[in-house]
Amino acid sequence: MTRQLHLGVFIYPGGHHIAAWRHPDMKAERITELDYYIENGRIAERGLFDLFFVGDALNAREREGRVVGEIAINNLDPVSIVSAVASVTERVGLVATLSTTYNEPAMIAAKFATLDHLSGGRAGWNVVTTLDEKAALNFSRSEAMEKSLRYKRAQSFVDACRALWDSWEDGATAAEPGRIKAPMYRSEYFSVDGPLGMPRPPQGHPVLVQAGGSEPGRDFAASIGEAIFTAQGALPGAQAFRADIHRRMAKLGRSPDSIKIMPGLSPVLGDTEEHALRREAEFAELAHPSVGVWMLTEMTRFRLYDHPLDSLLPTKDIRAFNPALGENAVSLMRRAEASPMTIRDAARIMVRSRVHQSFVGTPEQLADHMTMWLNEGGSDGFNILPPVFPNDFALFVDHVVPELQRRGVYRRDYAGPTLRDHFGLPRPPGRPSTRT
Amino acid sequence: MLLTASTSGSGASLAPSLDWFRTLVRTAERGGVDALLLDGQWGAGESFVLDPIPLLVALAECSTYIGLAGAIEIDHAEPFNIARSFAAADRLTAGRSALITATGARKPGDFGHALKHTTAERYARAAECIAVARKLWDSWEDEAILLDKPNGRFSNPDRVHPINHAGTHFSVRGPLNAPRPLQGNPPVIMRDASPEGFALARESADLFIAPESSDLAAIRRTIGERPRLLATVPFAGKPQACVAEIVELSARCDGVDIVSATLPADLELFVDEVVPLLRARGLRPSAYAGKTLREHLGLSRPRSQFAA
């Protein structure tokens, strides 16, 4: 069978265009209401999506100490959102982001095990280490943990969670205490006795998702990741990224089939190319350039507020000021160095889809484009970032999905009930049964 | 009188099932119960416990009025995480969430730091944790979100406040990155009947559930006048006796928490046989009067402590 695409949808407050909440199609008050998430969850399932994905942040979005009033508030707590979606769907996978830097393994193992049980085996955890140093101030710390330390802690955190998920043998009940074993996990970072407070999750372990693009982030993804979200603007970079992850996995004895690499993709669709371009221009009108400048400043830590909008993006100064730029920032710097880019241009890219790939065209064109990335080894699927929810998401599901099915690169029905089934991933075996 | 229902008890399947919990929620809502307390150990032989957030939010869609309370191990929690997750739960349940604070370090061995704390320190940390969560919930005033599309103003930064909390156990800058809960602050429910638990309830509880057969007058003196006080009533299938007991207790406290022996059967029996009798005596309303749990409990909605 032809390789198949895997699709996720990345829910966002209003949409992925930073000013989506202002769009005439968007009822902005819905962002904090149950129906908004339920409606989008149902659209995802109608489109046979592998998963519904929610990101996280642990600090308010601020500009020089004040909340940025021009943009929507962060999305609600991700586990809460996917739990709401779980209650109205049957198949779509549910991936929530949680930080290993500001949580404890016993709590997170229980949280995802609960979600996996209540959803019938559809839970996934996007394991993040939280880059933003402002989050530290909300957790009784004066500064962010250094990056390599964050990833060491993350690896230990995941090891502790896995030990907890495996603490009950498959099928063991509380009436069989001999089949439940406290793992007594110990490391430099954590001391967790266990066992887990409930039976082993239906999937064995929830699916582990990773999104780090830095060196330690890639090593971590190659070690624990079963799916990767990444920002890739163009095919050659995406191919190189995917090959690099596969190389790192090979060193660890992992098969490339055991991971799905899903770059972000933000589609602006139209009946014709002209229609799509017109829609994109309408979106651009909604955001003030100052919002994009704030996003650039947040991403690079380099203060751009006093620079003229039409001056060139000072990539040299930015790199000198912040040698530890994140992967998304580096990718933008490279684009600006390859062809001249003003601050206004860069701001427009940021408000449009941050640094994720954006596609403007017809459903047929987009289906061709996605199929090409799949066939050329650029990805195993995509995480879809609709500019405005739910309309742009419904457009994708109702017009692009049938095109992908016609091309033979996307499922016509779910293969099974669990997220592991959608990905074709094996169920971690757990401890051997001691049932007598 | 107020009426809550606990969910500990036998009758659950061996592994957690959302449908089993849905049955409890629908049954309790049919009986006009103010809140379902999801802090049990479920399954045969009290075999499992669950994280409250997925459970509580997954039950929002199958119900409209009933309050949904989830247990937080407050000794181990970070206030920012609690505030963020319950801000979401309160919005997604449209103002029907509550926290039940579990103190007593159920499994201190799972948390490195817990082993280092004395009992007094653990309760002091819990009290501070609740206070910080309330500051975070208040950090976005009710009027902070504008949704002013023509002028491009989603929120009014003047009405969003850093909390700058610097205490013994926590230092938290804030503000929260979530809108103020619909209830302002979700109610905090406690049932820890240790001396430290009473002191914590006096400082921080909105509702306290006394253990079965306890001295209600003494507990009232200890926890003060502020928290609503409920008595625990076991229910195992004798409707007439149960009504008599509830009538007697309701004169001495604010209401009762029903503990069913077997679920959902005993809860169904309670709803079908006991609730109508309580309604006939005028002890329970015939339908929900309000929409939020605070309204059911007769608790006023707090104004943000940062509001001018």
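Residues numbered from 1 in each chain as written. Chains lettered and ligands numbered in written order. Predicted model: local features only at pLDDT ≥ 70, side-chain atom pairs only at ≥ 80, totals over all residues.

A. Here's a closer look at helix H12 (residues 343-353) of chain A. Residues and elements named next belong to chain A. Burial analysis of H12 places eight of its eleven residues in the buried class, which makes it a mostly covered element. All of the buried residues in H12 are Ile343, Ala346, Ala347, Ile349, Met350, Val351, Arg352 and Ser353. Of the surrounding secondary structure, the elements contacted by the buried residues of H12 are strand E11 (260-269), helix H9 (289-300), helix H11 (327-338) and strand E12 (357-361). Backbone geometry just downstream of H12 places Arg354 in the positive-phi region, at approximately 55°. (Buried ≥ 20, exposed ≤ 12 C-beta atoms within 10 Å, placed from the backbone. Helix = DSSP H or I, 4+ residues; strand = E, 2+ residues; numbered from the N terminus. Contact = placed C-beta atoms within 7 Å.)

B. Molecular detail of the domain arrangement of chain A. Residues and elements named next belong to chain A. Under the domain assignment, chain A is made up of domain 1 (6-273 + 357-423) and domain 2 (284-350). Here the C-alpha centroids of domain 1 and domain 2 sit 26 Å apart. The partner domain 2 presents eleven residues to the 14 residues of domain 1 that form the contact. Classifying every residue of the side of domain 1 that touches domain 2 gives six nonpolar, five polar and three charged. (Domains from an automatic or database assignment. Nonpolar A, V, L, I, M, F, W, Y, C, P; charged D, E, K, R; others polar.)

C. Representation of the interface of chain B and chain A in the model. The partner chain A presents 57 residues to the 55 residues of chain B that form the contact. Secondary structure elements with two or more residues in the side of chain B that touches chain A: helix H2 (52-58), helix H3 (79-92), strand E6 (153-155) and strand E8 (171-172) of chain B.

D. Structural context of the sheet that holds strand E4 (residues 97-102) of chain B. Residues and elements named next belong to chain B. Read once around its circumference, the closed barrel built from eight strands follows the order E1-E2-E3-E4-E9-E10-E11-E12, with strand pairing classed as parallel. Sheet twist, expressed as the average angle between the axes of neighbouring strands with direction ignored, equals 30°. Docked against the sheet, helix H7 (residues 239-250) engages strand E11 (228-235) and strand E12 (255-260), running at close to 165° with respect to E11. (Pairing = 2+ DSSP bridges. Axes fitted to C-alpha atoms, helices over the stretch in contact; angles between N-to-C directions.)

E. Representation of the packing of helix H5 (residues 147-165) of chain A against helix H6 (residues 215-224) of chain A in the model. All names here are of chain A. Across the interface, H5 lies against H6 with an axial gap of 10 Å and an inter-helix angle of 10°. Between H5 and H6, the interaxial angle falls into the category roughly parallel. Contacts between H5 and H6 pair Lys147, Ser148, Tyr151, Ala154, Gln155 and Val158 from the former with Pro216, Gly217, Phe220, Ser223 and Ile224 from the latter. Taken together, the residues of the contact of H5 with H6 break down into six nonpolar, four polar and one charged. (Parallel < 35°, antiparallel > 145°, perpendicular 65-115°, else oblique.)

F. Quick peek at the environment of Val360 of chain A. Residue and element names in this part refer to chain A. Note on placement: Val360 falls in strand E12. Assessed through the 21 C-beta atoms surrounding it within 10 Å, Val360 is described here as buried. Note: C-alpha distance between Val360 and Leu269 (91 residues apart in sequence) is 6.0 Å. Once you skip the residues sitting within four places of it in the chain, Val360 turns out to touch Val268, Ala276, Leu277 and Glu280.

G. Quick look at the packing of helix H1 (residues 18-30) of chain B against helix H8 (residues 265-280) of chain B. All names here are of chain B. Look at H1 against H8: their axes get within 9 Å of each other, and the N-to-C directions meet at 15°. Considering the angle they form, H1 stands roughly parallel to H8. As H1 packs across H8, the resulting crossing turns out to be left-handed. Here H1 contributes Leu24, Thr27, Ala28 and Arg30 to the contact with H8, which in turn contributes Leu267, Glu268 and Val271. Considering only residue class, the contact of H1 with H8 consists of four nonpolar, one polar and two charged. (Left-handed = near helix turned anticlockwise from the far one by under 90°.)

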